[in-house]
Amino acid sequence: MAFDNTMAANNAVASTRTLLIELGCEELPPGALAGLVDALALGVKNGLRDAGVQYGEVLPLATPRRLAVSITRLAEYQPDQQIERLGPAVAAAFDKEGNPTKAAQGFAGSLGLEVGELSRLETDKGERLGHRYTQPGEATTALLPDIVRRAVDALPVPKRMRWGASRVEFSRPVHWLVMLYGEEVVPCELLGLESGRTTRGHRYHYNQPIELSHADEYVEKLETPGHVIVDMVRRRSMIVEQVREQARALGATAVIEDTLLDEVTGLVEWPVALTGRFDERFLEVPAECLISSMKANQKYFHLLDEQDNLIPAFITVSNIESRDPRQVIEGNERVIRPRLADAAFFFETDRKRPLAARIEPLKSVVFQQKLGTLADKSARVEVLSRTIAERLGGNSDQAGRAATLAKCDLVTEMVLEFPELQGIMGAYYARFDGEDEAVASAIYQQYLPRFAGDEVPSGPTGQALAIADRLDTLTGIFAIGQRPTGTRDPFALRRAAIGVISIMVKAELDLDLRELLTVAAGQHESVTDVTALVDEVQDYMLDRFRAWALEAGMSAETYLAVRARPVTHPFDFERRLRAVHAFTHREEAQALAAANKRVANILAKQSGDVPAEVDTTHLAEPAEKALFDAISVKREETAPLIARRDYASALDALASIKAPVDAFFDQVMVMSDDEALRRNRLALLAGLQGLFLEVADIALLGQS
């Protein structure tokens, strides 16, 4: 990707020259390649920016054997800097006879000047001795070695290594270093290497040095004659087009997932897509097993027919352009055959035992030392799943059965080999065993949603299991004091909390989170204070709505206004958020928020109880009578809207109360000396506040 950041300088003249930095090494980890080169480009860019050097486009370039950065229009010098040094006040710089004091002489000496060469400068603290001068900018080529060293030292290398007798450490052995500024080699020693102008071509097609006379030749000369496509974006696009072309030749569709595509892009310098085949008999194995094997072991792209069924073919991306592609294809076919045979063997072995027969082995698999085994967890989840299914009007027996079998596939041969198939294989095996479809589907759906934007479980059995599994983990881990921190969340509790909220919101489930947490907490025998645990976990989960609101373009105040109310139904919480967010865009919102804040402050200062009802016989002023009438009308108007949770319409209706509220505060003295009037007016304000609190505490909208 290109970093399109142009650095402005005061008086530096932009250059037309390009800077090239290339670090040549042995094959880097493909998954880390993009991160490494982006970090290198960012480090160099930041170094130039901090030095005030003007530059144009910063372009990261990388292959398995090199990390490179190309920077266009790099200025030759830093901009000149206007320096101002201030010394003592003039009054302290000279004695009564006008002779310079030691303070003045010391300041002048520190600058290598005579006192007479100093200037008198006006400052906000009076007239002072000083000196202004221009400091010429340093040559960029003199700054670059240190900038590049710092950028390389800061690279996110997961595991460094040494090679040969050298004490130098890097991700892989480094063999050459190129640093060219236009035609000029920038002298630099880095990782035990001296910079030069020589790069190298493809390991097999052109394993020779390539001399660069100019930095601008880099991309072109590496491609011809070097047989290297150094631009990752272009190489990625070439792979996509070649894979799709191979698929079209078969009348099929290639499934190109970004993660696999990025990894393949990081494995090759000269991509050549080729199509191979495998025996149709392997299609008797669930497609997910074959796909996992092809992706994980061989980095192959799989193919689907018009009905989205897997076909017995794959596409591999070779790093060489063979004179006999058939040999390369046959070699890949020979390699994949035993891999698929292993998958078939695991599948056939697993099917010899019903899924339920694996309940007993779960007793020896520890979930967490203080929380017992997976069998213990399954028993707890069963109770909670039944409860949730009943609340949803589902089948509690199906939910209980799904919970009992949910983790059984974790001890199957297939999932032990391919952990990413958990849930998927459980669903297959449950169907083969004749379990209810709702049970089988729930076993798969228990892990949904897997990431932001993913689908959520579609039926009550799957929804019950997915929620119950996460709530058991949350209450259990909190109970043993392992609440996640800003840097540590080993049990993925944030993801679990967000998953529960996503299911309840997206599936529009009217479930009380507090009630379910109470049931979940009660399943942990070690918990002595269920209420305290439920409070802690509930607060943690509802706090996830803050990030959700911000991502949806809502303000933090909108979240706080809803959070201030005792709302424990996530679906209801989300509806209130949307309603308050829409309300904030009304012109009456800020005035009503300010009025509610004023009301809250007044009521908070009352030491005695505020009457629950307004006594109409004590409504003395026309403005308070008008406000009482408005509140009465709005209460009757909004009650049915609140009952059906149409919070947006309720707030829209309440917006029109602004006029009588403004008139009340303009014309009525709330804290009257007459106690009866004062208490009655406080009751009136409490009624006004209560109208809005049915939705949210809008007083908090005016806090920013």
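Enquirer: So what's going on with the pattern of salt bridges? Residues and values would help.
Expert: Note on pairing: side chains with opposite charge can pair once their charged atoms come close. Per the counting criterion, the structure on display carries 45 salt bridges. Here E27 and R203 are joined by a salt bridge, their closest N and O atoms 2.9 Å apart. A residue pair is termed long-range when its members are at least 10 positions apart, and E27 in the loop between β1 (19-25) and α1 (30-51) and R203 in the loop between β11 (198-200) and β12 (209-211) qualify at 176 residues. Residue R514 pairs with D535 through a salt bridge whose shortest N-O separation is 2.6 Å. Remark: D535 occurs in helix α18 (residues 530-542) and R514 occurs in helix α17 (residues 513-522); sequence separation between them is 21 residues. Here R514 falls in the partly exposed class, since its relative accessible area comes to 26%. Residue class for D535 comes out partly exposed when judged on its relative accessible area of 30%. Because the salt bridges share partners, they merge into one network encompassing K377, R380, K407, D469 and D472.

Enquirer: Can you tell me about the side chain of S292, naming the residues and giving the values?
Expert: As for its position among the elements, S292 is in helix α8 (residues 287-298). Those residues in contact with S292, other than ones at most four positions away along the chain, are N297, F418, E420 and L421.

Enquirer: Help me get a handle on the sheet that holds strand β8 (residues 184-185), residues and values and all.
Expert: Strand order in this open sheet of 5 strands is β2-β3-β1-β7-β8, and the pairing throughout is antiparallel. Only two strands of the sheet have a single partner each, and these edge strands are β2 (58-63) and β8. Judged from the 6 bridges that link them, β1 and strand β3 (residues 66-71) form a sheet pairing that is antiparallel. By the bridge assignment for β3, L19 is matched with I71. Across the sheet, helix α4 (residues 140-153) is in contact with β1, β7 (174-181) and β8; its angle to β7 comes to roughly 150°.

Enquirer: Which residues make up α17, and what are the values?
Expert: Those residues of α17 lying buried are L513, L516, L517, A520 and A521. The arc that holds every buried residue of α17, seen down its axis, measures 135°, which confines them to one face. Where α17 is buried, its residues touch α10 (374-391), α15 (460-479), α16 (493-506), α18 and α21 (570-583). Where α17 starts, the residue carrying a side-chain oxygen 3.0 Å from the main-chain nitrogen of R514 turns out to be D512.

Reading guide: rules and limits
Residues numbered from 1 in each chain as written. Predicted model: local features only at pLDDT ≥ 70, side-chain atom pairs only at ≥ 80, totals over all residues. Heavy atoms only, no water. Salt bridge = Lys/Arg side-chain N within 4 Å of Asp/Glu carboxyl O. Helix = DSSP H or I, 4+ residues; strand = E, 2+ residues; numbered from the N terminus. Buried < 20%, exposed > 50% of the residue type's maximum accessible area, 1.4 Å probe, protein only. Contact = heavy atoms within 4.5 Å. Pairing = 2+ DSSP bridges. Axes fitted to C-alpha atoms, helices over the stretch in contact; angles between N-to-C directions. Arc of directions from axis to C-beta. Polar contact = N/O pair within 3.5 Å; in protein donor to acceptor, adjacent residues only side chain to side chain.

As far as function goes, none of this settles anything; it's purely spatial.
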